[in-house]
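Geometric and topological summary
Next come the chains, spelled out residue by residue.
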Amino acid sequence: MRRAWLLLPLLLLAGCQGEEGDEASPDTEVGEPPLTFVVLPYTSPSRIAERFQPLADYLAEGLGRPVRVHVSRGYAEPLRMLAEGRADLAYLGATGLIRLQRRYPDREDLRPLAAETGYRTAVVVRRDSPYRTLGDLAGETFAFGAYRSLSSHYAPRRLLAEAGIALGDLADYEFLHRQGRVARSVIHGDYSAGAVNADLAGRFTGEGGDLRVLAESGALPPPMVVAGPALEGEMADEVADLLREPLAGGRVPDYVPHFRAPDPALMEVGREHLRAVERPCPGEGRP
């Protein structure tokens, strides 16, 4: 018993020294928290990771700070995360950016930094189908992608409207969320026609392909990287520079998408598509 009492002060002293030793010294560097880069769920999470993790690594190398990719659960979540400061960067389609600017018209801290190359939407049908014009789709079935998508909903809806086809003129229509599903559903004959971006259409419409393009839109505003209030101005400028003028001696690394300065004129085209669809014809409400 006496030996135990003699050891107790030594154990208490060791415990106090251990607690002091666990404290970081003033000279110890604490790593900065990672930047959060939220990406809308436009395709499968595995494909998003395959594309955006290298981009995040590239930005981390240029910024000297880790960048974490977060795949959102829906098209509205990136807008909320960015506006509320829970994300530093967001990869948004033109529709998302337009809605963000509508919701927060006076927020100068929501900054488009860099945009991908402009693209087009295509209405596709099976190669062996009898359809030759959009007007031939009256009374037929149609597959859209995501409701919030410019290329697989708003732009094709406008193409159909200009051909005199309202939703009520179709036998049926469905929103399949992902454009790959749209293409496959048309190939399998589940729908007479569908809307996908022209790049994706090209994979199925080449020589020997199962699809052909029935109609194509003009140039559309592309997805872009947008900074939120959580990202300091100087670092936002660094991100813009890294995206528009990549490292590696000015050559675009293979794993970095091609970005450029956002084009206000193309963004106005996107706004026109949304306005046209959001003012439906008499008797045609929101699907």
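Quick caveat: nothing in here was measured; it's all calculated off a predicted structure. (Residues numbered from 1 in each chain as written. Predicted model: local features only at pLDDT ≥ 70, side-chain atom pairs only at ≥ 80, totals over all residues. Heavy atoms only, no water.)

Compared with the 21 Å implied by 1.5 Å per residue over 15 residues, the 21 Å span of helix 9 (residues 264-278) between its first and last C-alpha is a close match. Buried residues of helix 9: Leu266, Met267, Gly270, His273, Leu274 and Val277, and no others. Each buried residue of helix 9 lies within a common arc of 110° when the element is viewed along its axis, so the set occupies one face. Among the exposed residues of helix 9, those pointing more than 90 degrees away from its buried face are Pro264 and Ala265. (Helix = DSSP H or I, 4+ residues; strand = E, 2+ residues; numbered from the N terminus. Expected span 1.5 Å × (residues − 1). Buried < 20%, exposed > 50% of the residue type's maximum accessible area, 1.4 Å probe, protein only. Arc of directions from axis to C-beta.)

This part covers the sheet that holds strand 2 (residues 67-71). Here we have five strands laid out as an open sheet, ordered 2-1-3-10-4, and mixed in their pairing. Because the sheet does not close on itself, it has two edges, and the strands there are strand 2 and strand 4 (111-115). Taking the axes of each pair of neighbouring strands and ignoring which way they run, one obtains an average angle of 25° across the sheet. In the packing of helix 4 (residues 94-103) onto the sheet, contacts are made with strand 3 (89-92), strand 4 and strand 10 (224-227), and the angle to strand 3 comes to roughly 120°. (Pairing = 2+ DSSP bridges. Axes fitted to C-alpha atoms, helices over the stretch in contact; angles between N-to-C directions. Contact = heavy atoms within 4.5 Å.)

Turning our eyes to something else, we now look at the layout of surface pockets. Estimated volume of the largest pocket: approximately 1100 Å³. In terms of lining residues, the largest pocket is bounded by 39 residues, among which Tyr42, Arg51, Tyr91, Gln179 and Asn197 are the most central. Of the residues in the lining of the largest pocket, the class split is 15 nonpolar, 15 polar and nine charged. (1 Å grid on protein atoms, 1.4 Å probe; cavity = no way out; pocket = protein on both sides within 12 Å on 5 of 7 lines; lining within 4 Å. Points joined across faces, edges and corners; volume = space filled by probe spheres on them. Nonpolar A, V, L, I, M, F, W, Y, C, P; charged D, E, K, R; others polar.)

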